Amino acid sequence: MTEEVMAMAEIADFLGISRQRANALADRDDFPAPIAHLTVGRVWATKDVRTWAEKRRKDLEGEHG
């Protein structure tokens, strides 16, 4: 079974923000840990990113760029 995953571009698109902002969020202590480090960069489990975003929806509202 293959787990659904996201790289930085997918996270930025999912959150509606720039890759730079997504990178800054991913570096926060409360952001989920990546499940792998590949040549394309860090990779996260989609369910972990979605859970994190849902818990922080109000904090993320109004995020731009």
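Shown above is the structure to which this text applies.
The structure contained in this document is the topic of the report that follows. (Residues numbered from 1 in each chain as written. Predicted model: local features only at pLDDT ≥ 70, side-chain atom pairs only at ≥ 80, totals over all residues. Heavy atoms only, no water.)

With that settled, consider the pairing of strand β3 (residues 41-45). Relative to β3, strand β1 (residues 5-6) runs antiparallel, the two sharing 2 bridges. Paired with Met6 across the bridge in β3 is Trp44. Judged from the 3 bridges that link them, strand β2 (residues 36-38) and β3 form a sheet pairing that is antiparallel. Counterpart to Ala36 in the pairing with β3 is Val43. Taken together, β2 and the strand that follows it, β3, pair antiparallel across an intervening segment of 2 residues. (Pairing = 2+ DSSP bridges. Helix = DSSP H or I, 4+ residues; strand = E, 2+ residues; numbered from the N terminus.)

Glancing now at the packing of aromatic side chains. Scanning all chains against the criterion turns up 2 aromatic pairs. Aromatic side chains Phe31 and Trp44 sit 5.8 Å apart centroid to centroid with 85° between the ring planes, which places their arrangement in the edge-to-face category. One end of the pair, Phe31, is in the loop between α2 (19-26) and β2; the other, Trp44, is in strand β3, with 13 residues separating them in the sequence. Exposure remark for Phe31: the relative accessible area of 6% places this residue in the buried category. With relative accessibility at 0%, the residue Trp44 sits in the buried group. (Phe/Tyr/Trp six-rings, centres within 6.5 Å; stacked < 30°, edge-to-face > 60°. Buried < 20%, exposed > 50% of the residue type's maximum accessible area, 1.4 Å probe, protein only.)

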